[in-house]
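Observations on the three-dimensional arrangement
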Amino acid sequence: MIPMRQQHWLSLLVLIVATFGASAFGSLATISSLTTWYPTLAKPSWNPPNAVFGPVWTVLYLLMAIAAWLVWRRGSESAVLPAMTAYVGQLVLNVTWSLLFFGLQSPGWAVLDIIALWIAILFTIAQFRPVSRPAAWLLAPYLAWVTFAVALNIAIWRLNA
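A short tour of the structure in this document, coming up.

Criteria and cut-off values
Residues numbered from 1 in each chain as written. Predicted model: local features only at pLDDT ≥ 70, side-chain atom pairs only at ≥ 80, totals over all residues. Heavy atoms only, no water. Axes fitted to C-alpha atoms, helices over the stretch in contact; angles between N-to-C directions. Helix = DSSP H or I, 4+ residues; strand = E, 2+ residues; numbered from the N terminus. Parallel < 35°, antiparallel > 145°, perpendicular 65-115°, else oblique. Left-handed = near helix turned anticlockwise from the far one by under 90°. Contact = heavy atoms within 4.5 Å. Nonpolar A, V, L, I, M, F, W, Y, C, P; charged D, E, K, R; others polar. Expected span 1.5 Å × (residues − 1). Buried < 20%, exposed > 50% of the residue type's maximum accessible area, 1.4 Å probe, protein only. Patch = residues over 30% accessible without salt bridge, like charges linked within 9 Å, V, L, I, M, F, W, Y side chains within 5 Å. Areas by Shrake-Rupley, 256 points an atom, 1.4 Å probe, with all protein chains shown as cover. Salt bridge = Lys/Arg side-chain N within 4 Å of Asp/Glu carboxyl O.

**A word on the packing of helix 3 (residues 77-103) against helix 6 (residues 140-159)**
- Here helix 3 crosses helix 6 at 25 degrees, and the two axes come no closer than 14 Å. Judged by the angle between their axes, helix 3 and helix 6 are roughly parallel. Between helix 3 and helix 6 the crossing geometry is left-handed. Listed contacts from helix 6 to Gln90, Asn94, Trp97 and Phe101 of helix 3 are Tyr142, Asn153 and Ile156.
- Broken down by class, the residue content of the contact of helix 3 with helix 6 amounts to 4 nonpolar, 3 polar and no charged.

**Points about the packing of helix 2 (residues 50-74) against helix 3**
- At their nearest, the axes of helix 2 and helix 3 sit 9 Å apart, and the two run at 160 degrees to each other. Taken as axis vectors, helix 2 and helix 3 run roughly antiparallel relative to one another. Handedness of the helix 2/helix 3 crossing: left-handed. Only Val80, Ala83, Met84, Tyr87, Gln90, Leu91 and Asn94 of helix 3 make contact with helix 2, whose side of the interface consists of Trp57, Tyr61, Met64, Ala65, Ala68, Val71 and Trp72.
- Tallied by class, residues from the contact of helix 2 with helix 3 come to 12 nonpolar, 2 polar and no charged.

**What to know about helix 2**
- Compared with an ideal rise of 1.5 Å per residue, which puts 25 residues at 36 Å, helix 2 spans 37 Å between its outermost C-alpha atoms and is within 8% of the ideal.
- Phe53, Leu60, Tyr61, Met64, Ala65, Ala67, Ala68, Trp69, Leu70 and Val71 are the residues of helix 2 that are buried.

**Re a nonpolar patch on the surface**
- Judged by side-chain polarity, Leu10, Leu13, Val14 and Val17 come together as a nonpolar surface patch covering roughly 350 Å² of accessible area.
- The class for Leu10 is partly exposed, based on a relative accessible area of 41%.

**Some points on the side chain of Thr19**
- With respect to the helices and strands, the residue Thr19 is situated in helix 1 (residues 4-35).
- Overall, Thr19 belongs to the buried group, its relative accessible area being 0%.
- With sequence-adjacent residues up to four places away left out, Thr19 is seen in contact with Tyr61, Met64, Ala65, Tyr87 and Leu91.

**Let's talk about the environment of Pro130**
- Among the structural elements, Pro130 can be located in the loop between helix 4 (107-128) and helix 5 (133-138).
- Between the alpha carbons of Pro130 and Ala83 there is a distance of 9.5 Å; along the sequence they are 47 residues apart.

**Some words on the side chain of Ser132**
- When you line up the elements, Ser132 lands in the loop between helix 4 and helix 5.
- In this structure Ser132 comes out as buried when scored by relative accessible area, which is 1%.
- Not counting residues up to four positions away in its chain, the partners in contact with Ser132 are Leu70, Val71 and Arg74.

Pasting the structure below:
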């Protein structure tokens, strides 16, 4: 039997692997388009350099996993289940955005998804907050980045319509 303290660290590791695993799945659709289709798109002047996205998303995915872990280990089952369901839902929308934008090369459909993602992040924060306020706050940078990404996605869609 694994001692309780080690179980907490094991659950953190599982959540980090699951969160980054979702990211890796989404990046399968992204990688091929980064050197072929994406460079051909018109982008707004405030589009960050490509080198910014990897480090930003790495930090955000780590913060997301830690936030989920704080909820997982602190809450009662009745609070954890809806919170973790919200977390998984927003993670699915996150991956779906990559599949739509880069995989299907469809910025328009990606706009719809990223707006749903933004709403899902707000909902996840609302679900996390009663269980762990620090967990809810750890999602704030993610919400801020996705807010920026919504504007960027809309601008790219409009410039390339």
